[in-house]
Amino acid sequence: MRMKRISAVLITGRSFGQGIGKEYGRFSEKYLYVARSCEMNPRDMEAIGVRRGNSVRVRSKFGEIIARVADPTQDLPQGVVFIPYGRWANALVDPDTHGTGMPSLKGIPVDLEPSEEGTTEDAKVEAPEKIAEAVKVEGAKVLRDVVCPFCGCLCDDLEVTLQDGKIANVENGCILSINKFLNYERERIYSPTMRDGRHSKPVELEEAVNRAAEILAESKYPITYGWSTTCNEAVRLGIELTEVMGGVIDNTTTVCHGPSILAEEDVGVSTCTLGHVMHRADLVVYWGSNPLQSHPRHIARYTVGSQGRFRRSRSDRTMVVIDARKTYTARVADYYIQVEPNKDYELLKALRMAVRGEALEQESVAGVPNETIEELADLMVSCEFGIIFFGVGLTMSTGKLRNIDEAISLVDDLNAWTKFTIMPMRGHFNVAGANMVMSWQTGYPYAIDFSRGYPKYNPGDTSVVDILSRGDSDAALVIGSDPLATFPDSIAKNLSAIPLIVVDPHRTHTTENASIVIPSAPVGIEAEGTAHRMDGVPIMLKKLKTPPAGIKSDMEIVQMILDRLKELKGLS
């Protein structure tokens with residue numbers, strides 16, 4: 001009997017359950033349960049004869065995986081499937097950055113068919129929402145105005161309760177924040193290790209630092225990567241370290257909002273602070289982003305759910321969501337506009353024409369009827385203060401930086417009629433800070449090459465993804481990131497083939513394959529430091545508790561490696 005098969009378009013992205021599971025541990029059942037799931041339209045499930053809990057083989061021209069069919073957490077159009085962004089999805093995506101430094105992680109053509117491998121669900125796995133719960137604790141120390149080091153919102157109103165030296169409760173945080181604080185000791189690394197053949201052995205910190213410096217000193221073209229989940233002070237030292245060793249420094253912007261920065265460099269940007277949005281915005285557009293899952297308090301603190309000086313309630317504001325799938329956020333919007341995958345550029349062009357009063361010849365563009373486009377244009381033109389928050393739905397799909405060019409140009413057109421701004425939804429809590437510090441120190445925000453003795457910037461050539469794709473690097477230092485789980489499969493394999501030094505508080509797929517692992521104290525919990533919110537506002541993260549004996553901050557570890565590297569190069 002011939003097995004049924006369908007063709008579809010794959011969208012990868014962060015999911016709510018994945019974010020919770022990640023904080024519980026990259027190797028936990030809860031994380032793996034979500035990360036290997038595939039959400040499908042019910043009609044597509046029926047077409048190939050699968051149901052929830054069955055397995056499907058998902059194949060693209062770049063690779064294939066076996067995934068578990070999950071109940072959709074969103075309304076997916078027929079012919080569109082969703083797999084959480086991570087190690088398994090990245091076996092399917094396009095590693096080619098097309099000159100942007102950014103792989104194509106959305107809108108990938110795939111084929112799906114039933115699979116007999118792993119067809120039953122694990123009944124022991126809890127629902128993600130039940131992983132951690134805040135509880136009231138009597139007679140303990142309460143720390144107020146704590147900053148959450150999870151996403152680019154950097155919410156600064158948390159109350160954290162410490163009892164017997166441990167975090168016992170978190171108030172005001174979203175469920176992702178609660179899980180980060182309550183589970184940060186899970187899958188923790190407590191001792192530096194060095195790999196000897198196939199096995200790793202514990203070593204003293206000084207030995208690990210010395211060997212790391214030797215590897216970097218001997219390397220001809222080393223790379224340093226990550227820097228978005230640490231503080232600005234560590235980033236500054238990382239830049240000096242990279243310059244001394246004559247390598248490349250890159251941050252996670254290269255696989256999220258790198259195209260956004262390239263577009264801003266092309267056409268500029270009209271933006272504002274989140275405070276302006278909270279007090280003044282009466283029209284909020286989320287394009288290619290799903291904040292209720294990725295930035296759960298963004299809507300409540302800064303947009304339609306906030307209480308500002310001039311916009312007092314939900315009735316004072318209008319929310320529009322434009323996306324290829326009907327997400328949680330789309331369900332609570334005043335208007336949801338479904339765009340065809342990889343057709344955002346066309347819709348932006350049509351919307352610009354409507355704003356300028358030009359006639360649209362087609363009956364629909366990107367699957368959106370002309371009447372809807374014109375209605376949205378009227379809504380934008382007639383608002384008093386509008387903003388577009390855009391996510392990786394624009395940066396990761398076809399068009400990449402050209403999508404952002406058009407979005408920024410749309411905002412420029414709207415500013416001839418009213419006040420309109422635009423802002424990227426930054427993911428990691430300090431990815432904006434990493435861009436800013438690198439720009440201040442070198443003139444460039446990411447993908448900076450010091451191999452010629454001065455900073456060189458050419459994403460598509462000097463990004464870590466492109467360097468690894470060519471196999472050019474011979475050593476790597478990773479700070480607070482898991483590229484072996486987030487890079488396309490072929491890129492990850494090239495990274496794992498070279499000497500790899502990782503500084504991270506927790507076990508990850510990258511630490512498991514590293515030559516040297518040095519544990520660090522998490523910023524915002526066991527170490528303090530400065531970070532920048534997604535709108536560029538600097539915020540100080542507090543040290544809430546003392547780290548375990550022998551564990552140092554990222555800043556201290558990078559400084560130790562830098563000092564030893566200078567000694568080896570005769571620069572001290």
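Residues numbered from 1 in each chain as written. Predicted model: local features only at pLDDT ≥ 70, side-chain atom pairs only at ≥ 80, totals over all residues. Heavy atoms only, no water.

Asks: Before we go on, may I ask you to explain the environment of Gly 25 in this structure?
Replies: Tracing the backbone through its elements, the reader meets Gly 25 in the loop between helix H1 (16-24) and helix H2 (29-35). In contact with Gly 25, not counting residues within four places along its chain, are Tyr 31 and Glu 187. (Helix = DSSP H or I, 4+ residues; strand = E, 2+ residues; numbered from the N terminus. Contact = heavy atoms within 4.5 Å.)

Asks: In this structure, what is going on with the sheet that holds strand S7 (residues 141-146)? I would like to understand it.
Replies: Hydrogen bonds between backbone atoms are what pair the strands of a sheet, whose relative direction is either parallel or antiparallel. Spatially, three strands are ordered S7-S8-S9 in an open sheet, and the strand pairing comes out antiparallel. For this open sheet the edge positions go to S7 and strand S9 (166-171), each flanked by a neighbour on one side alone. Going from strand to strand, the sheet's axes swing by 25° on average, the running direction of each strand aside. Relative to strand S8 (residues 158-163), S7 is paired through four bridges, and the arrangement is antiparallel. (Pairing = 2+ DSSP bridges. Axes fitted to C-alpha atoms, helices over the stretch in contact; angles between N-to-C directions.)

Asks: So what exactly am I meant to see when it comes to helix H7 (residues 258-267) here?
Replies: An α-helix turns once every 3.6 residues. As a result, residues three or four positions apart point the same way. Gly 258, Pro 259, Ser 260, Ile 261, Leu 262 and Ala 263 are the residues of H7 that are buried. Looking at the buried side of H7, the elements it contacts are strand S19 (385-390), helix H14 (392-395), helix H15 (401-414), helix H16 (431-442) and strand S22 (456-457). Positive phi shows up at Gly 268, right after H7, with a value of about 80°. (Buried < 20%, exposed > 50% of the residue type's maximum accessible area, 1.4 Å probe, protein only.)

Asks: Quick question: what am I supposed to make of helix H4 (residues 175-182) here?
Replies: Of all eight residues in H4, six are buried; the element is thus mostly enclosed. Considered for burial, the residues of H4 that qualify are Leu 176, Ser 177, Ile 178, Asn 179, Lys 180 and Phe 181. Considering only its buried residues, H4 is in contact with H1, S7, S8, S9 and helix H9 (291-294).

Asks: Could you clarify how one ought to interpret the pattern of salt bridges in this entry?
Replies: Should their charged atoms come close, side chains of opposite charge can pair. One pass over the full model with this rule turns up 33 salt bridges. Between Arg 297 and Asp 157 there is a salt bridge whose closest N-O contact spans 2.8 Å. One end of the pair, Arg 297, is in the loop between H9 and helix H10 (298-302); the other, Asp 157, is in the loop between S7 and S8, and 140 residues separate them in sequence. Relative accessible area serves as the criterion here: at 18%, Arg 297 is assigned to the buried category. (Salt bridge = Lys/Arg side-chain N within 4 Å of Asp/Glu carboxyl O.)

Asks: Mind showing me how you'd approach a negative patch on the surface here?
Replies: A contiguous patch of negative charge, built from Glu 363, Glu 371, Glu 374, Glu 375 and Asp 378, is present on the exposed surface. Residue placement: Glu 363 occurs in the loop between helix H12 (344-355) and strand S17 (364-365). For Glu 363, a relative accessible area of 72% corresponds to the exposed category. (Patch = residues over 30% accessible without salt bridge, like charges linked within 9 Å, V, L, I, M, F, W, Y side chains within 5 Å. Areas by Shrake-Rupley, 256 points an atom, 1.4 Å probe, with all protein chains shown as cover. Lys, Arg positive; Asp, Glu negative; His and termini not counted. Charge placed at Lys NZ, Arg CZ, Asp CG, Glu CD.)

Asks: Looking at this model, I keep getting lost on the pairing of strand S27 (residues 529-532). Mind explaining?
Replies: Every regular strand shows the same layout, with side chains that alternate between the two sheet faces. Side chains of S27 alternate between two faces, with Gly 529 and Ala 531 and Thr 530 and His 532 buried alike. Sheet topology places S27 next to strand S28 (residues 538-541); four bridges connect them, and they run antiparallel. Across the sheet, Ala 531 pairs through a bridge with Ile 539, a residue of S28. Between the antiparallel neighbours S27 and S28 lie five residues, among them Gly 536 with a positive phi of about 90°.

Asks: Quick question: what am I supposed to make of the pairing of strand S6 (residues 106-115) here?
Replies: For S6, the tally of buried residues reaches eight of 10 residues, placing the bulk of the element in the interior. Taken together, the six bridges between strand S1 (residues 6-13) and S6 define a ladder with antiparallel strand orientation. Among the inter-strand pairings, Ile 6 is bridged to a residue of S6, identified as Leu 112. Where strand S3 (residues 55-60) lies against S6, five bridges are found, and the strand directions are antiparallel. In the sheet register, Ser 55 faces S6, and the bridge partner there is Ser 115.

Asks: Before we go on, may I ask you to explain the side chain of Asp 449 in this structure?
Replies: Take Asp 449: it is sitting in strand S21 (residues 448-449). Of the buried charged residues, Asp 449 lacks a salt bridge, with Lys 456 as the closest side chain of opposite charge at 5.1 Å. A distance of 2.7 Å separates the side chain of Asp 449 from the side chain of Tyr 221, its partner in a polar contact. One polar contact links Asp 449 to Ser 451, side chain to side chain, over a distance of 2.6 Å. Asp 449 has contacts with Tyr 221, Gly 247, Val 248, Tyr 454, Pro 455, Lys 456 and Thr 462, leaving out every residue within four places of it along the chain. (Polar contact = N/O pair within 3.5 Å; in protein donor to acceptor, adjacent residues only side chain to side chain.)

Asks: I tried to follow the sheet that holds strand S12 (residues 222-226) on my own but got confused; where do I start?
Replies: Pairing is mixed in the open sheet, where nine strands are placed in the order S11-S10-S25-S24-S23-S12-S13-S21-S22. Looking at which strands have only one partner, the edges of the open sheet turn out to be strand S11 (199-202) and S22. Lying on the sheet, helix H5 (residues 205-218) is in contact with strand S10 (193-196), S12, strand S23 (475-479), strand S24 (500-503) and strand S25 (516-518); it crosses S25 at an angle near 130°.

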